[in-house]
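Each chain is listed here by its residues.
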Amino acid sequence: MKKKINLLIIASILGLIALSIIQGYLINNTYKLKKDVFVTETKRSISQIDDFSPKLDSLSDFWQENFINKVVDYKFGAADKTEVINSLKFVIDSINDTYKSEYQKALAENNIPYGIKFHKKVKAIIITDSIATDTLFNILKTSKNIVLGNRISEENSIGISTTNWETEHTSTRNINGENKSVAFILTFQTKDEMDIEGWKHIVLKQMSSLLLLSLFIFALVIGLLYYSIKSLITQKKIADIKTDFVNNITHELKTPLATLTLATKMLKNDELKQQPQHINNTVSTIERQNKRLQKLIDQVMDNSLGYREIELNKESVNTEDYINTVLDDFLLSVKSKKVNLTRNFSVVQQSIHIDKFYITTAILNILENAVKYSGDEVNIRCDIKSDSELKISIMDDGVGISQTNLKQIFDKFYRAGNKEIHNVKGLGLGLYYTNQIIKAHNGKIEVKSKEHKGSTFILTLPFK
Ligand code: ADP
């Protein structure tokens, strides 16, 4: 059964993990899809901003014209490549602030509700004439970017499009009294890129209902699974406890019943019927066993009471006198083992308001356990202290209780499955009942224990 439950738990957890992976995969796909749609829509909205803003248009014309003049210088040998590129950078830098602010204005006019950074990045500048193709700039061969607009880091940039500005140009100049002409095709390749500020946030916001619903369903499934497994384990524990209880009570009933069977047989024996002394002995045996059975039934009935069902009959007692009497009576009742009992009183408040009958039962249950769950000889130490409450601590040097069992010893019918105490009789009701009695007095019971070292039970009771 335990194996089955473990298998079930493992299978459920694996199922849950698989489900989470699938769910995560689907959410990730939806996220990508939403992002793509969002980016495409944004691209569409801003793709024509350049064309619709006359100011941006005139800025473009300005740097393009300026640049062509510099290329003409280059073709006439009046400037080298570096100078051409530096001049391009210079012009772009000089108009960049205006370009950026005009771009933002254009965005606002187009009613785009989120922040966008935009730039044109120069990819390549190639001059072709009738003789050769000359590359002035290639982004792949340089570490410095030429950028018009906002600089956007590589990881945030979203590509919009690649634009080719191609223009044919002819120019004539008088050099040293001679008219010289140049003709070339300029290919200027740029990449338009953007960064949508907080796009992750925007996309996630669009997905918020889906995310919340998935999270809720996920939490619900985990909750239900946890609840089902917990109930299953509790059911299993209850079933085990019931089986143990049936075994224990059967064991307890066996001896008196066997003796009663034997006694009845004896009474039927014709020879023995003639001996009155023998009949008397047998009848008292039957009486004793009957009492034992009755006590067993009473124990099950009474000790099963919950603290709310316990009706207290409180009276004021002198703490020290009362506890001394309980301990003395206990010592007189133990015959099976040698018990060394020490008591230490440190009591300030002299009287306590308790139900003597019930508290005696509670203290005796703990003392009897100290004797039951120990070797041939047991040392018991009782420390009785009082300040704002009364604390009765009962320490033994018996077999002790393991940490796992410690949590359950106050449960109804619970008995620790310790090999050392296998032959000790009991129904697992004593500590349950003791706890209920203390609870009914608004007190508490604590236990500390170490296996093979001994246990300490501490009863705390309010004075009133
Ligand atoms: P029972 O003694 O009938 O089994 P109890 O409710 O009195 O039932 O105790 C529950 C379990 O707690 C016991 O079965 C025993 O394993 C453990 N226990 C209680 N008192 C002690 C003790 N002083 N030392 C070691 N084990 C103890």
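Residues numbered from 1 in each chain as written. Predicted model: local features only at pLDDT ≥ 70, side-chain atom pairs only at ≥ 80, totals over all residues. Heavy atoms only, no water.

Report on the environment of Thr456, specifying residues and quantitative values.
Tracing the backbone shows Thr456 in strand 12 (residues 454-462). Along the sequence, Thr456 and Glu155 sit 301 residues apart, while their C-alpha atoms lie 65 Å from each other. Discounting residues that sit within four places of it in the chain, Thr456 has contacts with Ser393, Ile394, Met395, Glu446, Val447 and Lys448. (Helix = DSSP H or I, 4+ residues; strand = E, 2+ residues; numbered from the N terminus. Contact = heavy atoms within 4.5 Å.)

Got a sec to walk through the packing of helix 3 (residues 54-75) against helix 4 (residues 81-109)? Specific residues and values, please.
Interhelical geometry of helix 3 versus helix 4 gives an angle of 180° and a closest axis separation of 9 Å. For the element pair helix 3 / helix 4, the angle class is roughly antiparallel. Contacts between helix 3 and helix 4 involve Lys55, Leu56, Leu59, Phe62, Trp63, Asn66, Phe67, Lys70, Val71 and Tyr74 from the first element and Lys81, Glu83, Val84, Ser87, Leu88, Val91, Ile95, Thr98, Tyr99, Glu102, Tyr103 and Ala106 from the second. Taken together, the residues of the contact of helix 3 with helix 4 break down into 14 nonpolar, three polar and five charged. (Axes fitted to C-alpha atoms, helices over the stretch in contact; angles between N-to-C directions. Parallel < 35°, antiparallel > 145°, perpendicular 65-115°, else oblique. Nonpolar A, V, L, I, M, F, W, Y, C, P; charged D, E, K, R; others polar.)

Would you mind going over the site of the ligand in detail, with residue names and values included?
Around the ligand, 21 residues are found, and the nearest of them are Asn369, Tyr373, Asp396, Arg415 and Leu431. The separation between an oxygen atom of the ligand and a polar side-chain atom of Arg415 is 2.4 Å. One of the backbone N or O atoms of Leu431 is found 2.8 Å from an oxygen atom in the ligand. At the level of elements, helix 10 (356-372), helix 12 (430-440) and strand 12 are the ones that each hand at least two residues to the shell around the ligand. Broken down by element, the residue count for the shell around the ligand peaks at three residues, all from helix 10. Of the residues contributing to the shell around the ligand, the split by class is 12 nonpolar, six polar and three charged. (Near = heavy atom within 4 Å. Polar contact = N/O pair within 3.5 Å; in protein donor to acceptor, adjacent residues only side chain to side chain.)

Describe the confidence of the model for the chain, naming the residues involved and giving the relevant values.
In the predicted model, the chain carries a mean pLDDT of 89, and 98% of its residues have values of at least 70. Per-residue pLDDT, averaged within each element of the chain, yields its smallest value for helix 2 (residues 49-52) (71) and its largest for strand 12 (97). (pLDDT = per-residue confidence, 0-100.)

With reference to specific residues and values, describe helix 3.
End to end, helix 3 covers 31 Å across 22 residues, agreeing with the expected 32 Å (1.5 Å per residue, within 8%). Along helix 3, the residues classified as buried are Leu56, Leu59, Ser60, Trp63, Gln64, Phe67, Ile68, Val71, Val72, Asp73 and Tyr74. Two residues or fewer after helix 3 comes Gly77, characterised by a positive phi angle close to 80°. (Expected span 1.5 Å × (residues − 1). Buried < 20%, exposed > 50% of the residue type's maximum accessible area, 1.4 Å probe, protein only.)

Outline the sheet that holds strand 11 (residues 444-450), supporting the account with residue identities and numerical values.
Pairing within the open sheet is mixed, and its five strands lie in the order 7-9-10-12-11. Single-partner strands in this sheet number two, and they are strand 7 (338-346) and strand 11. Looking at each pair of strands side by side, their axes are set apart by 15° on average, direction ignored. Across seven bridges, the pairing between strand 10 (residues 389-396) and strand 12 is antiparallel. Counterpart to Glu389 in the pairing with strand 12 is Pro462. Lying over the sheet, helix 10 contacts strand 7, strand 9 (377-386), strand 10, strand 11 and strand 12, oriented at roughly 145° with respect to strand 9. (Pairing = 2+ DSSP bridges.)

Before we move on, can you summarise the domain arrangement of the chain with the specific residues and values?
According to the domain assignment, the chain contains domain 1 (47-206), domain 2 (233-303) and domain 3 (315-461). Look at where the C-alpha atoms of domain 1 and domain 3 centre, and you get two points 91 Å apart. (Domains from an automatic or database assignment.)

So what about the pairing of strand 11? Which residues, and what values?
Side chains Ile445, Val447 and Ser449 of strand 11 all project onto a buried face; the interleaved residues Lys444, Glu446, Lys448 and Lys450 project onto a face where none is buried. Bridge analysis of strand 11 against strand 12 gives seven bridges, and the strand direction is antiparallel. Following the sheet pairing, Lys448 is matched in strand 12 by Thr456. Hairpin connection, strand 11 to strand 12: the antiparallel pair is bridged by three residues, and His452 has positive phi, about 65°.

I'd love a proper account of a nonpolar patch on the surface, names of residues and values included.
Taken together, Leu19, Leu213, Phe216, Ile217, Leu220, Val221 and Leu224 make up a surface patch of nonpolar side chains, about 650 Å² in accessible area. Sorting elements by how many residues they give to the nonpolar patch places helix 6 (residues 208-268) first, with six residues. (Patch = residues over 30% accessible without salt bridge, like charges linked within 9 Å, V, L, I, M, F, W, Y side chains within 5 Å. Areas by Shrake-Rupley, 256 points an atom, 1.4 Å probe, with all protein chains shown as cover. Salt bridge = Lys/Arg side-chain N within 4 Å of Asp/Glu carboxyl O.)

Which residues make up the pattern of salt bridges, and what values do they have?
In total, this model carries 11 salt bridges according to the counting rule given. Across the salt bridge formed by Lys121 and Glu193, the nearest N and O atoms sit 3.3 Å from each other. With a gap of 72 residues between them, Lys121 in strand 1 (residues 116-128) and Glu193 in strand 5 (residues 178-196) connect regions that are remote in the sequence. Judged by relative accessible area, Lys121 falls into the buried class, the value being 8%. Notably, a salt bridge pairs Lys191 with Glu193, separated by 3.6 Å at the nearest N-O pair. The exposure class assigned to Lys191 is partly exposed, which follows from its relative accessible area of 27%. Through salt bridges with shared partners, a single network forms among Lys121, Lys191 and Glu193.

Can you lay out unusual backbone geometry for me, pointing to particular residues and giving the numbers?
In this model, Asn176 sits at a positive phi of 50°, which is unusual for a non-glycine residue. With respect to the element layout, Asn176 can be found in the loop between strand 4 (158-175) and strand 5. For His452, which is not glycine, the phi dihedral falls at a positive 65°. With respect to the secondary-structure elements, His452 resides in the loop between strand 11 and strand 12.

Residue-level account of empty space enclosed by the protein, with values.
Following the criterion strictly, the structure yields two cavities of 30 Å³ or more and no others. Estimated volume of the largest cavity: approximately 50 Å³. Lining the largest cavity we find Trp63, Ile92, Lys120, Val122, Ile146, Val147, Leu148, Phe188 and Thr190. Residue assignment for the lining of the largest cavity shows that the elements contributing at least two residues are strand 1, strand 3 (147-149) and strand 5. A per-class count over the lining of the largest cavity returns seven nonpolar, one polar and one charged. Estimated volume of the second largest cavity: approximately 30 Å³. When contributions to the lining of the second largest cavity are tallied by element, the ones reaching two or more residues are helix 9 (319-333), strand 8 (351-354) and strand 10. Broken down by element, the residue count for the lining of the second largest cavity peaks at three residues, all from helix 9. Looking at the lining of the second largest cavity, its residues break down into eight nonpolar, one polar and no charged. (1 Å grid on protein atoms, 1.4 Å probe; cavity = no way out; pocket = protein on both sides within 12 Å on 5 of 7 lines; lining within 4 Å. Points joined across faces, edges and corners; volume = space filled by probe spheres on them.)

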